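# Coordinates in review
Residues per chain are reported as follows:
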Amino acid sequence: MPSQVLIGVAWFVGTIGVAYSAFGHPVNLGFAGAIAFGFLAACMNWRGLALPVRLILPALGLGMLAFVIPALGQGFSFRTCSSAARGCLALAWFTSILALGGARARSALGWAAMALLIGNLILALSSPLLGGHFSAFEQVQHEYTAGLPRFRGLANTPAPAGVWALVSIGLLEAFPRSKLRWVSRALGLVEACATLSIALLAVPALLAALLPKRWLRWPCVACAVVFAAGVLYFQPLGVSVAGHALVNSRELPQYWSGGLGPEFMPQVTFGAAGLSVTGHVTAYGKLALRGLTCFTEHALVGVGPGRFREECRVMAMNTFGEWTDQRDSHNQLGGLLSELGLAGVGLLASAWVVGRRGYRFEVLNTWQRAVWVGLFVCSLGSEALLTLPVLALLASQLAPRIRTTA
């Protein structure tokens, strides 16, 4: 029981996080607290473990080398060392959830997920009575949705709030009580949509994955994924059909600052069969492409963990009208490849192959599978998807094949 409480608390504090500055550098105390609680929970349960140690320890070692080798290959810096340490600690967190394993871990994580969803709801309802600093919402600055409230709940920003809401649905699918599952689905989807973030774009793909007919399900999922990528990577300014304008928007005023827009994000027009679309690529699109080109430039060991913003620079304007050439990848594929290179990604893949020899997936129900589809869409525009909540969801769905500790 104490280990269950600790792992539930660990997951909860890992989602909400607490920003802190130490020696001039930002520190996430929620992340640190989650790691400490998770390690303590695993230690308390160590005597009763049935882990395939001969597989899980080599897998953990290979996973850690995936971050250490690129860091060593590109030299030391605070950001490099910090990102490599975070990657290694995230793998240790994943292993600690595996160590607890079974119904106990799933129950603890499920209750923590319900606490997050209900806590978000309480904060949203009480926000009018609280100060602005404690509000569950922030105002949108994007032209199309300017002035609308974006839900961020207990998280620092809307993007992770939406991802954690989807993860919470997946965790609560392990509950035997159908009423609790339906409550979590309703709250999770509403909170994800209210963030007006990448999670909102993931909801259509998630819902398509719920379709009962396979021949209809996967084509609809593919269309929803392509739609999400299109909205994320391309900013339409004008759409017309047979000469009739359907969308006619203006660029953000900052687009014209110093001629930066026409130079770095030029407008293009696509047309076919009476349909024409005019617009420009977004910062998300430029970052996604830059991640791939940066990988080709540093294919072996990448640029090093956490060094995307310094080594893979690309000038772009975000949806708030801010111009800069230093941003995180905002894309899991390009981000991992460019930062870890073939060596790091290969070691991560090897770690998964080795570890999976000792584990099997529990049978996923329809909603659990749909949540993973939604999280895949989120990976198209998230710079930090493989975080503690997501890894906990993955670990909670694995069960040991080999029941041995030797």
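Scoring rules and cut-offs
Residues numbered from 1 in each chain as written. Predicted model: local features only at pLDDT ≥ 70, side-chain atom pairs only at ≥ 80, totals over all residues. Heavy atoms only, no water. Helix = DSSP H or I, 4+ residues; strand = E, 2+ residues; numbered from the N terminus. Rg over C-alpha atoms; globule rule 2.2 N^0.38 Å. Buried < 20%, exposed > 50% of the residue type's maximum accessible area, 1.4 Å probe, protein only. Contact = heavy atoms within 4.5 Å. Areas by Shrake-Rupley, 256 points an atom, 1.4 Å probe, with all protein chains shown as cover. Core = buried A, V, L, I, M, F, W, Y, C linked by side-chain atoms within 4.5 Å. Disulfide = S-S within 2.5 Å. Salt bridge = Lys/Arg side-chain N within 4 Å of Asp/Glu carboxyl O. Axes fitted to C-alpha atoms, helices over the stretch in contact; angles between N-to-C directions. Parallel < 35°, antiparallel > 145°, perpendicular 65-115°, else oblique. Left-handed = near helix turned anticlockwise from the far one by under 90°. Nonpolar A, V, L, I, M, F, W, Y, C, P; charged D, E, K, R; others polar. pLDDT = per-residue confidence, 0-100.

### Section: the overall build of the protein
Scanning the protein from N- to C-terminus turns up 15 helices and 12 strands. In terms of overall dimensions, the protein is globule-like: its C-alpha atoms have a radius of gyration of 22 Å, near the 22 Å expected for 406 residues. Along the longest, intermediate and shortest principal axes, the C-alpha atoms of the protein span 70 × 50 × 50 Å. Looking at the protein as a whole, 48% of its 406 residues qualify as buried. In the protein, once contacts between residues fewer than 6 apart in sequence are set aside, the share between residues at least 24 apart is 72%. Accessible surface, the protein: about 19,300 Å² in total, of which carbon and sulfur atoms supply 68%.

### Topic: the nonpolar core
Formed by 70 residues in total, the largest nonpolar core has its most connected members in Trp11, Trp93, Leu166, Val167 and Leu375. Contacts of leucine 166, omitting those with residues within four sequence positions, involve Ala192, Ala199, Ala202, Leu206, Val371, Gly374, Leu375 and Cys378.

### Description of the state of the cysteines
Each disulfide consists of a covalent bond between the sulfur atoms of two cysteine residues. Per the counting criterion, the structure on display carries 1 disulfide. Each sulfur of the disulfide joining cysteine 294 and cysteine 312 lies 2.0 Å from the other. The disulfide joining cysteine 294 to cysteine 312 has a torsion of about -65 degrees about its S-S bond and is therefore left-handed. Placement of cysteine 294 in helix α11 (residues 283-297) and of cysteine 312 in the loop between α12 (308-311) and β9 (316-317) is noted, with a sequence separation of 18 residues between them. Cysteine 294 sits in the buried class, given a relative accessible area of 0%. Take cysteine 312: its relative accessible area is 2%, and that puts it in the buried class. Cysteine 193 carries a free sulfur, and the closest cysteine sulfur to it, the one in cysteine 378, is 11 Å from it. Looking at cysteine 193, the relative accessible area reads 25%, which means it is partly exposed.

### Some details on helix α8 (residues 198-208)
The element α8 is largely enclosed, with a buried count of 8 among its 11 residues. Where the residues of α8 are buried, they touch α6 (158-172), α7 (178-194), α9 (214-233) and α14 (366-379).

### Structural notes on the pattern of salt bridges
Applying the stated rule across the entire model yields 10 salt bridges. Here glutamate 138 makes a salt bridge to arginine 150, at a shortest N to O gap of 3.4 Å. Placement of glutamate 138 in strand β3 (residues 137-139) and of arginine 150 in strand β4 (residues 149-151) is noted, with a sequence separation of 12 residues between them. Classification of glutamate 138 as partly exposed rests on a relative accessible area of 21%. We note a salt bridge from glutamate 138 to arginine 152, for which the minimum N-O separation is 3.7 Å. Of this pair, glutamate 138 sits in strand β3 while arginine 152 sits in the loop between β4 and α6; the two residues are 14 residues apart in sequence, bridging distant segments of the chain. Members of the salt-bridge network, linked through shared partners, are Arg106, Arg360 and Glu362.

### A few points about the packing of α7 against α8
Close contact between α7 and α8 brings their axes to 7 Å; oriented N to C, the two are set at 140 degrees. Here α7 is positioned oblique relative to α8, judged by the angle of their axes. The way α7 lies across α8 gives a crossing that is left-handed. In contact with Leu189, Ala192 and Cys193 of α7, α8 contributes Ala199, Leu200, Val203, Leu206 and Leu207. Within the contact of α7 with α8, the residues separate by chemical class into 8 nonpolar, no polar and no charged.

### Some points on the confidence of the model for the protein
Looking at the protein as a whole, its pLDDT mean stands at 88, while 93% of the residues score no less than 70. Taking the mean pLDDT of every element in the protein, the minimum, 68, falls on strand β1 (residues 19-22) and the maximum, 96, on α8.

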